[in-house]
Amino acid sequence: GVRAPQMNCYPKVLLANMLHMPRKVTASAALLAPRPVFVKPAVSGRFPAFVLRQDESEMPPCDVAAMGQLLDLRHDEHVWVASVLPLASEWRYYVMNGEVIGYSPTTQAAVGAQEPDGEEVSGIVSRLPIDIPVAIDMGVLADGTTTLLRVRDPWALEYLPFGDDRPKPLEFLAFVWVRWAQVYAGSHF
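These numbers were taken from a predicted model, which means no experiment stands behind them. (Residues numbered from 1 in each chain as written. Predicted model: local features only at pLDDT ≥ 70, side-chain atom pairs only at ≥ 80, totals over all residues. Heavy atoms only, no water.)

## What about the overall build of the protein chain?
Of the regular secondary structure elements, the protein chain holds four helices and eight strands. Relative to its length of 189 residues, the protein chain is compact, with a C-alpha radius of gyration of 17 Å against a globular reference of 16 Å. Along the first, second and third principal axes, the C-alpha atoms of the protein chain reach 45 × 45 × 30 Å. Looking at the 189 residues of the protein chain, the share that counts as buried comes to 46%. Nonlocal contacts in the protein chain, meaning residues at least 24 apart in sequence, comprise 63% of its contacts between residues at least 6 apart. When the accessible surface of the protein chain is summed, it comes to about 10000 Å², and 55% of that surface belongs to carbon and sulfur atoms. With 16 positive and 21 negative side-chain charges, the protein chain shows a spacing of 8 Å between the two charge centroids. (Helix = DSSP H or I, 4+ residues; strand = E, 2+ residues; numbered from the N terminus. Rg over C-alpha atoms; globule rule 2.2 N^0.38 Å. Buried < 20%, exposed > 50% of the residue type's maximum accessible area, 1.4 Å probe, protein only. Contact = heavy atoms within 4.5 Å. Areas by Shrake-Rupley, 256 points an atom, 1.4 Å probe, with all protein chains shown as cover. Lys, Arg positive; Asp, Glu negative; His and termini not counted. Charge placed at Lys NZ, Arg CZ, Asp CG, Glu CD.)

Take a look at the structure:
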């Protein structure tokens, strides 16, 4: 079979565009970090990303379940942690061959919300350190500031059906297909 590529969703060359400054730490260090803290697995699929809060009763059931999966990890396994940002909206940009082929809010509620700064997005796209199709997730904070949230490998990316500027279904299929062909041929990042 084909092995899932392990992605680096926080390329060092783009860290200056990230207001939350993710850090790779051990699972035990993540549990001891000041809360609230955003926690994400370093190995894709280990648990869903979530916000670890001081009081478990303030966490939705899906985050409590993710916390249980974090607790099940070896204490020395790596995870990503970052500060929690006051996001007003989140957007996904689909990038192939160095060009944005479409973008979309990540939720229906964000349709019509303030979009990320176009110059910031263009600068990030021009500095992407890889030549594979990628999705870049951008956030707009409550004060209007734009920040890069993560770079995603589209080998298993879901289609977001929101907004007028999203890729058309066949464009999205081609986007994912190009990446699958690369994964099958052994091209990872």
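## What about the nonpolar core?
Residues Y93, L128, V134, I136, M138 and L148 are the most contacted members of the largest nonpolar core, which totals 24 residues. Counting only elements with at least two residues in this core, the list comes to β4 (78-82), β5 (87-96), α3 (118-126), β7 (134-141) and β8 (146-152). Considering each element in turn, this core owes the most residues, four residues, to β7. If we ignore the near neighbours within four places in the chain, the residues touching I136 are W91, R92, Y93, V95, V121, I124, V125, L128, L148, R150 and V151. By size, the runner-up hydrophobic cluster in this structure holds 16 residues, among which are F50, L52, A66 and M67. (Core = buried A, V, L, I, M, F, W, Y, C linked by side-chain atoms within 4.5 Å.)

## Some words on the sheet that holds β5
The strand order across the open sheet formed by four strands is β6-β5-β7-β8, and the pairing between neighbours is antiparallel. Sheet topology places β6 (99-105) and β8 at the edges, where each strand pairs with a single neighbour. Neighbouring strand axes in the sheet, compared pairwise and without regard to direction, differ in orientation by 25° on average. Most of the contacts of α3 go to β7, to which it runs at about 150°, and overall it touches β5, β6, β7 and β8. (Pairing = 2+ DSSP bridges. Axes fitted to C-alpha atoms, helices over the stretch in contact; angles between N-to-C directions.)

## Some points on helix α2 (residues 61-72)
The terminal C-alpha atoms of α2, which comprises 12 residues, lie 17 Å apart, in line with the 16 Å expected from a rise of 1.5 Å per residue. Within α2, the full set of buried residues consists of D63, A66, M67 and L70. One side of α2 carries all its buried residues, which in axial view fall inside an arc of 105°. Exposed and facing more than 90 degrees away from the buried side of α2 are P61, L71 and D72. (Expected span 1.5 Å × (residues − 1). Arc of directions from axis to C-beta.)

## Side note on α3
Among the residues of α3, those classed as buried are V121, G123, I124 and V125. Among the structural elements, β5, β6, β7 and β8 are those in contact with the buried residues of α3. You can read the cap of α3 off the contacts: a side-chain oxygen lies 3.1 Å from the backbone nitrogen of E119, and it is on D117. (Polar contact = N/O pair within 3.5 Å; in protein donor to acceptor, adjacent residues only side chain to side chain.)

## A short note on the layout of surface pockets
Taken as a whole, the largest pocket encloses approximately 360 Å³ of empty space. Surrounding the largest pocket, 19 residues form its lining, M7, K40, S44, G45 and R152 being those nearest its centre. Sorting the residues of the lining of the largest pocket by element identifies β2 (37-41) and β8 as the ones contributing at least two each. In terms of residue count, β2 provides more of the lining of the largest pocket than any other element does, three residues in total. When grouped by side-chain class, the residues that make up the lining of the largest pocket number 12 nonpolar, three polar and four charged. Roughly 170 Å³ of volume is contained in the second largest pocket. For the second largest pocket, the full set of lining residues is Y10, H20, F38, V51, S83, V84, L85, L87, E90, L149 and R150. Elements that contribute at least two residues to the lining of the second largest pocket include exactly β5 and β8. By residue class, the composition of the lining of the second largest pocket is seven nonpolar, two polar and two charged. (1 Å grid on protein atoms, 1.4 Å probe; cavity = no way out; pocket = protein on both sides within 12 Å on 5 of 7 lines; lining within 4 Å. Points joined across faces, edges and corners; volume = space filled by probe spheres on them. Nonpolar A, V, L, I, M, F, W, Y, C, P; charged D, E, K, R; others polar.)

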